[in-house]
Number of protein chains: 2
Amino acid sequence: MTVPSVVPLAHLNGKVEKHANGTTNGNGSHEPLHVLTGSEALRRIREGSLTVEAYARALLNRIQAHDAAVKAWAYLDPALVLEQARALDSIPEKARGPLHGLPIGVKDAIYTKDMPTEHNSEIYKGSFPQVDSASIMILREAGALIFGRVVLKGKTVTTEFAAITIGPKTMNPHSPHEIRSPGGSSSGSAAGVADGQIPVALATQTGGSTIRPASYNGIYCIKPTWNAVSREGQKLYSLLLDTLGWYGRSVSDLVLLADIFSLEDDEPSTFNGIRGAKFAVCKTNNWHKASDATRQALAKAAALLKAHGAIVEDLELPPSFEPLTDWYLTVLETDGATTFLPEHRVARSKLHESLAVFIDKPAYTRKQTLAAQDGIAALRPEFDAIASQYDAVLTPSAVDEAPYGLEYTGDAVFCADWTALHVPVVNVPGFQGPSGMPVGVSLVAPRFRDRHLLRVAEDVGKIFEFEGGWKSNIL
Amino acid sequence: MTVPSVVPLAHLNGKVEKHANGTTNGNGSHEPLHVLTGSEALRRIREGSLTVEAYARALLNRIQAHDAAVKAWAYLDPALVLEQARALDSIPEKARGPLHGLPIGVKDAIYTKDMPTEHNSEIYKGSFPQVDSASIMILREAGALIFGRVVLKGKTVTTEFAAITIGPKTMNPHSPHEIRSPGGSSSGSAAGVADGQIPVALATQTGGSTIRPASYNGIYCIKPTWNAVSREGQKLYSLLLDTLGWYGRSVSDLVLLADIFSLEDDEPSTFNGIRGAKFAVCKTNNWHKASDATRQALAKAAALLKAHGAIVEDLELPPSFEPLTDWYLTVLETDGATTFLPEHRVARSKLHESLAVFIDKPAYTRKQTLAAQDGIAALRPEFDAIASQYDAVLTPSAVDEAPYGLEYTGDAVFCADWTALHVPVVNVPGFQGPSGMPVGVSLVAPRFRDRHLLRVAEDVGKIFEFEGGWKSNIL
């Protein structure tokens, strides 16, 4: 297998031919192709009015124009993208997969056989595992165009893996005048999707690494039920917490991947529209950390659903849930100590202090670790039973709008409990903070009710997007 | 990075020079080097009476002489081994790691950056992920000599991954006249260690893939507490069950790797010898499957410990444990459906029927899956509390002696419950079945009492090995 050279985006100029420059498309219309949702692009490819190559060129042009301002990509080889796009175009119609031609950005923590995977870590500089992760195997087989690798956190030596909350190079595309974080660790995935550089991107979540960036970037995402989709081939942080997720600019794009990953509930959803549906608002035990932006978004979300005929109740979790966030942290740190032992041994000095400390100074005994693991395990069916009484539980996605600067990717505290409980979560955009930045709200359902949750999110999204008060002005 | 060609063992002839032919050693004595435990070899290397290269040559010679009869290796490049051995010899004494020169066999389901990893599957033919697994990173850094890849199950197209119970090519070295299975799926690891081809080898266990082959091959192994050692870079079957384990011909060799993997209990063991120690004999709910060989081994184990002054009680687990084996199977199959979806999509025809069926005809609903996951999770602390009353729990390692032929690697039923409970298990050899084949007994402790368990196994092993009635006649 030949190793393609890394093509820095600075060298993109001249590599992308201009005849599909993103302002015309195969349809002859002048709507830019990069604003299409993945579902709409697939429809056009399927009906023959758009080629995979033309669509790929339009996205490459968008990336070329915006990369300096967003810096979403860790690895992108335009020649490889176009070569694969042409190969897809040459496949006879009958042999095409269900995602034929869908461009997908891959977080730089998930193996792709034709590109290096560096985890944004000095330790893995130049690392090139020539295998696909489980998710990439499935997506390729379905005809997806594995576009490039999007930034996992920053590019400085002080950040690495999907684990640190400081230092991304990627910038939030919604704040061109003042630098803001896109969140992390799925920084590039969220920013790239928000900016129309890619319709769909893979993310991962151990705490709030998928949901929080979606809120900061005004896009949809799903963090499915833990272990419903194989995590094989994605950098490990915590066995009990890591979950593969994905971003899109519509619920139907989330559904595309849910289909292909065989994300299935036992029974079809009985949800039948917002009118008469039952929602809970769960402020969680971390509500004191919620900013006004978050408080107002959650209140408006509840008010809008009520105005559309839904029943909306407050949900206070029982006292048994009080230790949940602490238990989450215990599991995170002790799993982290197991996971990062190899890097600690091989290159302690290149491992960020916040990870090295798990091994240098373990904060928890084995007994405390087990109490946390077992305690969370007992809460999972308890929460499922509570959440089953509602069509969805509404809860904050993040503490605030996206933080200023690139030093800090924000607090994951409103995501951690749900990650620990293994339940599916969808971020729905539509609200805005005091400075005009997007703010999302999370919808939560019991484990393995992912399809039901997506069905609910579709209707909720229509309301929040149109009446929530925030609209993207970059697409 | 250059890709070394696979050197089939048939081509070994002439590649291994004869001046270290395994019957002389650096000490000038005539004890063959391949019979040394890893600990003893390390001691000699440390004191300067044995070079890594001489030791490696002796093992290569042993392999060359016995490979036709055992077939333990999937990939072995003698030139690479000797090159790395010389490189280790050239490291100044002060810069040497704690496992300096320890040869280690790696199950063909665990990534090694300098050798292909094919999972014994047509689907992964030629697959060469150029990264080390977490365990290999740690072992290399400690100075271990990553020797080669040992067979994961058979080489026929009908077996793959660590998941099938039919068809290994590897043969049990203790039965030269009638072909018997070494067990599986860690077939080559166990047979290679038993035959003196390698002192230590890595294994994995999802059901009984580490413990059962140890029993069939008359060697020691540990399956540590789940998630105490990182499983990153080893082929996934079940997130909730997969555990890295390792083989050796002495407890001290198991301890070598326990040290390097930082396998630590909260407190030092209070075990102070067999006299006065308290053991439980747990026949489990699957006792009706135990052969006479297994029944006699367990009875003799209990009798020997009693004769040496231990207190030995029968332990019947409470009724809450009755569904445990069924729950184990539910978790196994539903995790398997998630894990093998990529291979099913890419190459259904190359996936064994027994795995493909998880996806073609799911046997369990999501509700049943969660009941099993949550049910097992609730039993874990319950078992820990019970097991804490004893120095160790004695239980069968396998249903019988190693099966005849190579079609069937044996029943894992006596291992499955402990795998599900995440507890550490050590196989102690020493007993024999009616046809003279080795039979082991498992020692079990609460989660994260691995070091305590190894301490107990050391003393128990001395008794079982010397008085149990079986001795290896191939070393």
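Computed from a prediction, not measured in an experiment: that's the story for all the values here.

Observations regarding the overall build of chain A
Part 1 of the reasoning: Looking only at helices and strands, chain A features 14 helices and 11 strands.
Part 2 of the reasoning: Compactness check: chain A gives a C-alpha radius of gyration of 21 Å against a globular reference of 23 Å for 475 residues, within 12% of the reference.
Part 3 of the reasoning: Burial statistics for chain A: of 475 residues in total, 67% are counted as buried.
Part 4 of the reasoning: Here the contacts in chain A between residues at least 6 apart in sequence split such that 77% fall between residues at least 24 apart.
Part 5 of the reasoning: A total of about 16000 Å² of accessible surface is found on chain A, and carbon and sulfur atoms cover 53% of it.
Part 6 of the reasoning: Here chain A holds 45 positive side-chain charges and 52 negative ones, and the gap between their average locations is 3 Å.

Looking at the packing of aromatic side chains
Residues and elements named next belong to chain A.
Part 1 of the reasoning: For the structure on display, the rule yields 12 aromatic pairs over all chains.
Part 2 of the reasoning: Geometrically, the ring pair formed by Tyr237 and Phe340 is edge-to-face, given 5.2 Å between the ring centres and 70° between the ring planes. Here Tyr237, found in the loop between strand 5 (220–223) and strand 6 (243–248), pairs with Phe340, found in the loop between helix 9 (324–339) and helix 10 (341–347); they are 103 residues apart in sequence, far enough to count as distant.
Part 3 of the reasoning: We classify Tyr237 as buried; its relative accessible area is 7%.
Part 4 of the reasoning: With centroids separated by 5.2 Å and ring planes inclined at 55°, the aromatic side chains of Phe383 and Trp418 adopt a geometry described as tilted. Taken together, the residues Phe383 in helix 12 (residues 366–387) and Trp418 in helix 13 (residues 413–421) connect sequence positions 35 residues apart.
Part 5 of the reasoning: The buried category is assigned to Phe383, whose relative accessible area is 0%.
Part 6 of the reasoning: The rings of Phe321, Phe383 and Trp418 are connected pair by pair, giving a single aromatic cluster.
Part 7 of the reasoning: When the ring centre of Tyr404 is taken as reference, the NZ or CZ atom of Arg180 above it lies at 3.8 Å.

Remarks on the environment of Gly196 of chain A
All names here are of chain A.
Part 1 of the reasoning: Along the polypeptide, Gly196 turns up in the loop between helix 5 (187–194) and strand 4 (200–205).
Part 2 of the reasoning: The exposure class assigned to Gly196 is buried, which follows from its relative accessible area of 0%.
Part 3 of the reasoning: In this structure, Gly196 is in contact with His34, Leu59, Arg62, Arg249 and Leu475, ignoring residues within four places of it in sequence.

Overview of the interface of chain A and chain B
Interface size is often expressed as the accessible area that is lost when the parts come together.
Part 1 of the reasoning: Between chain A and chain B, the contact holds 49 residues from the first and 49 residues from the second.
Part 2 of the reasoning: Summed over both partners, the interface of chain A with chain B buries about 4400 Å², with 58% contributed by carbon and sulfur atoms.
Part 3 of the reasoning: Its largest share of buried area at the contact with chain B, chain A owes to Leu239, Arg345 and Arg366 of chain A, together 17% of the area lost on that side.
Part 4 of the reasoning: Across the chain A-chain B interface, the total number found is 4 salt bridges.

A look at the relation of the copies chain A and chain B
Each of the two copies of the chain can be brought onto the other by a rotation about an axis and a shift along it.
Part 1 of the reasoning: Rotating chain A by 180° and moving it 0.0 Å along the rotation axis overlays it on chain B with an RMSD of 0.0 Å. Read as a symmetry element, the transformation amounts to a two-fold axis. Relative to the rotation axis, the C-alpha of Pro129 of chain A is the closest in chain A, positioned 2.3 Å from it.
Part 2 of the reasoning: Comparing interface residues between copies, 100% of those in chain A also lie at the interface in chain B; the contact surface is shared.

Re the sheet that holds strand 1 (residues 73–75) of chain B
Residue and element names in this part refer to chain B.
Part 1 of the reasoning: An order of 1-3-2-4-6-5-10-11-9-7-8 is seen for the 11 strands of this open sheet, with the pairing classed as mixed. Looking at which strands have only one partner, the edges of the open sheet turn out to be strand 1 and strand 8 (311–314). The sheet shows a mean angle of 30° between the axes of neighbouring strands, taken without regard to direction.
Part 2 of the reasoning: The sheet contact formed by strand 9 (residues 392–396) and strand 11 (residues 438–444) spans 4 bridges and is antiparallel. Along strand 11, the bridge assignment pairs Leu394 with Leu443.

As for the pairing of strand 6 of chain A
Residue and element names in this part refer to chain A.
Part 1 of the reasoning: Of all 6 residues in strand 6, 6 are buried; the element is thus mostly enclosed.
Part 2 of the reasoning: Here strand 6 shows two buried faces, one formed by Thr243, Gly245 and Tyr247 and the other by Leu244, Trp246 and Gly248.
Part 3 of the reasoning: Alignment of strand 5 against strand 6, held across 3 bridges, turns out to be antiparallel. Along strand 6, the bridge assignment pairs Ile222 with Trp246.

Description of helix 14 (residues 450–467) of chain B
Residue and element names in this part refer to chain B.
Part 1 of the reasoning: The end-to-end C-alpha distance of helix 14 is 25 Å, a good match for the 26 Å that 18 residues give at a rise of 1.5 Å each.
Part 2 of the reasoning: Of all the bends in helix 14, the largest measures some 30° and sits at Val460.
Part 3 of the reasoning: By the burial criterion, the buried members of helix 14 are Asp450, His452, Leu453, Leu454, Val456, Ala457, Asp459, Val460, Gly461, Ile463 and Phe464.
Part 4 of the reasoning: Phi turns positive one or two residues past the end of helix 14, at Gly469, with a value near 110°.

Some details on helix 5 (residues 187–194) of chain B
Residue and element names in this part refer to chain B.
Part 1 of the reasoning: Among the 8 residues that make up helix 5, 8 are buried, leaving the element largely enclosed by the rest of the structure.
Part 2 of the reasoning: Where helix 5 is concerned, the buried positions are Ser187, Gly188, Ser189, Ala190, Ala191, Gly192, Val193 and Ala194.
Part 3 of the reasoning: Of the residues flanking the end of helix 5, it is Gly196, one or two places downstream, whose phi is positive at about 75°.

The rules behind the values
Residues numbered from 1 in each chain as written. Chains lettered and ligands numbered in written order. Predicted model: local features only at pLDDT ≥ 70, side-chain atom pairs only at ≥ 80, totals over all residues. Heavy atoms only, no water. Helix = DSSP H or I, 4+ residues; strand = E, 2+ residues; numbered from the N terminus. Rg over C-alpha atoms; globule rule 2.2 N^0.38 Å. Buried < 20%, exposed > 50% of the residue type's maximum accessible area, 1.4 Å probe, protein only. Contact = heavy atoms within 4.5 Å. Areas by Shrake-Rupley, 256 points an atom, 1.4 Å probe, with all protein chains shown as cover. Lys, Arg positive; Asp, Glu negative; His and termini not counted. Charge placed at Lys NZ, Arg CZ, Asp CG, Glu CD. Phe/Tyr/Trp six-rings, centres within 6.5 Å; stacked < 30°, edge-to-face > 60°. Lys NZ or Arg CZ within 6 Å of the ring centre and 35° of its normal. Buried area = accessible area lost by both parts, 1.4 Å probe. Salt bridge = Lys/Arg side-chain N within 4 Å of Asp/Glu carboxyl O. Least-squares fit on C-alpha atoms with pLDDT ≥ 70 in both. Pairing = 2+ DSSP bridges. Axes fitted to C-alpha atoms, helices over the stretch in contact; angles between N-to-C directions. Expected span 1.5 Å × (residues − 1). Bend = angle between axes of the 7 residues up to and from the residue.

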